Each structure stands twice: as C-alpha cells, then as structure tokens.
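# Secondary and tertiary structure notes
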Amino acid sequence: MVRYALVGYGKVAHVHAKAIKEAKESTLVAVWGRNKEKAQTFAAEWNITAFTDMQQMIKEEEVDAVIITTPHPLHKEHAITALQAGAHVLVEKPMALTVSECDAMIEVAKQEQKQLAVISQRRWFPASQRIRKAIDEGKLGTPMIGQVTMLGWRDEEYYNSDPWRGKWDSEGGGVLINQAPHQFDLLCWYLGPVKEVYAQWENVNHPYIEVEDTAVGTVRFESGAIASILVSNSQKPGIHAKVHVHGSSAASVGVQTDGGAMFIAGRSGIAEPPVTDLWTIEGEQQNIGVWKTEDTNLFNSIDPVAYFFTLQIENFTQALLKKGPLISSGEEGRETVKLIEGMYRSQREGKPVRY
C-alpha cells in the first residue's frame, strides 16, 4: 500500500480524499494545513490525522506520497518541502506559476530520487485516450493543427468563495492559470513541447476581479505543429470545452472534455459526459455514435467527479510500486506551464515569446 497525505484541505482536497480511498493499493493517512482547526475538521471527516508541520507529518505517518491541493503560488514551496522530507509528490494543476519554478521542483525531485507528477485527470477520459491512441498508431499522419476552445462561466459567488481567487498575487492569474490547464495539458500531450506563443488576454465581464477572464492565442510546437486557443469564463452558464487535432493525413479528431456549466469543486457536479465529438479517420467515422453511447453509459455508472482522479492516483501508485509507467510527469506539467507563462508574457511584452 502507498501511504498518501494531502497538503491542503480546501474544496478539491475532498475530491482527492475520496479518490484515494477508492484507489487500489492506496490509503489516505494524514492532512497538512497551516490552520490547525481547519486541518482537524478535515481530518475528522476522513478519519485521518491532522498536522501543521509537513516534515513531521511525513516522518510520523510514514507518508510515501503527498498530493498538493493548495493555491497555485504555493505549489513550488510545498512540493520542494515534501520532496526534501522524503515523499513523492503529485501536485494539482497547474504545476506552478512559472517555468523556472517547475525547473526547481524537477531538479529537487531528481536530487531526492522521488517521483513528481501533475494532476491531469482528463487524460483518463476514454475520448481523450482515443486521440492519443490514433496519434500513436499514425492514423493522423503527423498531428499538425490543434484547437482549444473553452467557453465557460464563473460568477461573483465563485470568486468570493475563497479569498485567494481572482487576484494576481494569490491565484497567479485567471482563466489561463486556473480553468484552462486541463485543455492545455491535452494539447501538449497530443502535439508535444511548446516552441513559441503569441497571445492577448482581457477581463470582459468580471469587474470585481483583478485577473483575466478571457484569452486568445496561437502556439507553435517544436514538432512544427501550430494551434489556436480561445479560452473564456464569460459565457453564462457555460457552453463547452473542446480539444481538436488535425493531421497531415487530412483526418481530424476531437474530445469535448466539458459541456454546459463547468464543474466547480465543492460547488457543482459535472453537467455532461466527456465524449468524442469529432472523428473523420477513414473507415472509422461511423464509430463516433457508438463511442458517445459508451462514454455516456460510463458517465452514468460512476461518480464522474472522483472516478478519473482515482485512475490517475492509481497510475501514480503503480509507478511508485514499479508496476507501470508514470503518466503526466513533472516534465510534461512543465510544458503546460510554459504555454501559460508564454501567453501572459506575450501580452505584457507585446510580442511572441520563444522558448
């Protein structure tokens, strides 16, 4: 059994607690937080032990791995503390705020000979995996064009639900750093390392926050592929989030990762099942209806919030037990941060950002 602890006790920590409880060969033993009372309340709910000293927690509870669920600007600090205390680290998206922070985390993980990975549970959607499989089998030729479209909504109540939301210093940004990383992760998973980014971003209809609620951009990848991005929190009550890939073979594939009102941890469920929404590979076009039915049936048979987190935690557990490969590594999480950082820098510098 891999012994897990949570770093942070906020809304998404409850999702992780349930997922760990359901994951094979995994057990949840402790939670860390700076507020002793809040940590103890969380611990009582999940029948675990609360700590305000992370190093003490890892030592006394013989913690093998921690999952970091604290606000984005704290990810680097908490990951490095946990790694140096002897724990493997699985960190919530985004991995960190900047590429340099990611590099520091990766370097410490190597020094300590520990695994470092990033939560990217949408990779485990069957519809997302179909795209990866089609790319691996050469059915797209070379993936050459990507599209990310995310049209969601966040209201004032959402931003008031936690004091760190909607502020540059405590959230690190808006839609780019918080809501879009899942789709960006898929884009980089399909098209590879980021080479150049150009972007513009704006606050369209959220005057009560400091950060952007909308961004557009273009990306060139080291592979030569290009992509367009439109992400926004300004479409009430939320429309959809999609990632599409078009190949040199002229075939196109896609996943609708989210439909309708977007999932908000601790406040709402998942409105619609993730499905294959585009598939033009020769001889396979007819499968899209069958796959949509399969995906919908799966969605209706599980807890769609915790289930895909559980699959990722099981992957991390298997990697720690040397029973399987690690998916969504720190190096991969760095690519998503590279894309996000590049989009922020591009507008501020008024030019494309090249890596």
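This text gives an overview of the structure that appears in the document. (Residues numbered from 1 in each chain as written. Predicted model: local features only at pLDDT ≥ 70, side-chain atom pairs only at ≥ 80, totals over all residues. Heavy atoms only, no water.)

## Let's talk about empty space enclosed by the protein
Tallied over the entire structure, the rule returns two cavities of 30 Å³ or more. Estimated volume of the largest cavity: approximately 110 Å³. Forming the boundary of the largest cavity are twelve residues, of which Gln 121, Arg 122, Phe 125, Ile 270 and Pro 304 lie nearest the centre. Counting residues per element, the ones that place at least two in the lining of the largest cavity are β12 (252–259) and α11 (307–320). Its residues assigned to classes, the lining of the largest cavity comprises eight nonpolar, two polar and two charged. Each pocket or cavity is described by its volume, and for the second largest cavity that value is around 60 Å³. Taken together, Lys 93, Pro 94, Met 95, Val 118, Ile 119, Ser 120, Pro 181, His 182, Asp 185, Gly 333 and Thr 336 form the lining of the second largest cavity. Residue composition of the lining of the second largest cavity, grouped by class: five nonpolar, four polar and two charged. (1 Å grid on protein atoms, 1.4 Å probe; cavity = no way out; pocket = protein on both sides within 12 Å on 5 of 7 lines; lining within 4 Å. Points joined across faces, edges and corners; volume = space filled by probe spheres on them. Helix = DSSP H or I, 4+ residues; strand = E, 2+ residues; numbered from the N terminus. Nonpolar A, V, L, I, M, F, W, Y, C, P; charged D, E, K, R; others polar.)

## Side note on the sheet that holds strand β2 (residues 26–32)
Spatially, the six strands line up as an open sheet ordered β3-β2-β1-β4-β5-β6, and their pairing is parallel. In this open sheet, the two edge strands, each paired with only one partner strand, are β3 (49–51) and β6 (116–118). This sheet shows a mean twist of 25 degrees between the axes of neighbouring strands, independent of strand direction. The sheet contact formed by strand β5 (residues 88–91) and β6 spans three bridges and is parallel. Paired with Leu 90 across the strands is Ala 117, a residue of β6. (Pairing = 2+ DSSP bridges. Axes fitted to C-alpha atoms, helices over the stretch in contact; angles between N-to-C directions.)

## Thoughts on the state of the cysteines
Tallied over the entire structure, the rule returns zero disulfides. The thiol of Cys 188 is unpaired, and the distance to the nearest cysteine sulfur, on Cys 102, comes to 12 Å. The class of Cys 188 is buried, set by a relative accessible area of 9%. (Disulfide = S-S within 2.5 Å. Buried < 20%, exposed > 50% of the residue type's maximum accessible area, 1.4 Å probe, protein only.)

## Topic: the side chain of Ser 26
Tracing the backbone through its elements, the reader meets Ser 26 in strand β2. Here the side chain of Ser 26 touches Lys 24 through a polar contact of 2.9 Å, landing on its backbone oxygen. Reaching out from Ser 26, the side chain makes a polar contact with the side chain of Thr 317 at a distance of 2.8 Å. Dropping the residues within four chain positions of it, Ser 26 is found in contact with Met 1, Val 2, Tyr 4, Ile 20, Ile 313 and Thr 317. (Polar contact = N/O pair within 3.5 Å; in protein donor to acceptor, adjacent residues only side chain to side chain. Contact = heavy atoms within 4.5 Å.)

## A few points about the packing of aromatic side chains
In total, this model carries nine aromatic pairs according to the counting rule given. Both rings, one in Trp 201 and one in Tyr 344, keep their centres 5.7 Å apart while their planes meet at 80 degrees; by these two values the pair is edge-to-face. With Trp 201 in strand β8 (residues 194–202) and Tyr 344 in helix α12 (residues 330–349), the pair connects residues that are 143 residues apart, well separated along the chain. Residue Trp 201 shares its accessibility class with Tyr 344, and that shared class is buried. Ring geometry for Tyr 307 and Phe 308: centres 5.0 Å apart, planes at 85 degrees, overall edge-to-face. With relative accessibility at 4%, the residue Phe 308 sits in the buried group. (Phe/Tyr/Trp six-rings, centres within 6.5 Å; stacked < 30°, edge-to-face > 60°.)

## Digging into the pairing of β8
Note: β8 against strand β9 (residues 214–221), eight bridges, orientation antiparallel. Following the sheet pairing, Val 197 is matched in β9 by Val 219. In terms of strand pairing, β8 meets strand β14 (residues 353–354) through two bridges, oriented antiparallel. Bridging across to β14, Val 197 finds its partner in Val 353.

## Comments concerning the layout of surface pockets
Here the largest pocket defines a volume of roughly 1000 Å³. Lining the largest pocket are 44 residues, and of these Lys 11, Val 12, Thr 69, Trp 164 and Arg 165 lie nearest its centre. Within the residue set of the lining of the largest pocket, elements represented by two or more residues are α1 (11–22), α2 (36–46), α4 (75–84) and α9 (181–191). Of the residues contributing to the lining of the largest pocket, the split by class is 17 nonpolar, 16 polar and eleven charged.

## What about the sheet that holds β8?
Taken in spatial order, the eight strands make up an open sheet running β13-β12-β11-β7-β10-β9-β8-β14, and their pairing is mixed. Strand pairing shows two members of the sheet lacking a second neighbour, β13 (275–279) and β14, which therefore form its edges. Those strands touched by helix α6 (residues 126–136) are β7 (143–151), β11 (240–247), β12 and β13, and its axis lies near 40 degrees from that of β13.

## Observations concerning α6
For α6, every residue scored as buried is listed here: Ala 127, Ser 128, Arg 130, Ile 131, Arg 132, Ala 134 and Ile 135. Contacts made by the buried residues of α6 are with β7, α9, β11, β12, β13 and α10 (287–301). Of the residues trailing α6, Gly 138 is marked for its positive phi of about 80 degrees.

## Section: the pattern of salt bridges
On inspection of all chains with the given rule, the structure shows 21 salt bridges. The residue Arg 334 makes a salt bridge to Asp 103 at a minimum N-O spacing of 2.5 Å. Here Arg 334 is found in helix α12, whereas its partner Asp 103 is found in helix α5 (residues 99–112), with 231 residues between them in sequence. Residue Lys 139 pairs with Glu 284 through a salt bridge whose shortest N-O separation is 2.6 Å. Of this pair, Lys 139 sits in the loop between α6 and β7 while Glu 284 sits in the loop between β13 and α10, placing them 145 residues apart in sequence. Beyond isolated ion pairs, a larger network of salt bridges with shared partners links Asp 103, Arg 334, Glu 335 and Lys 338. (Salt bridge = Lys/Arg side-chain N within 4 Å of Asp/Glu carboxyl O.)

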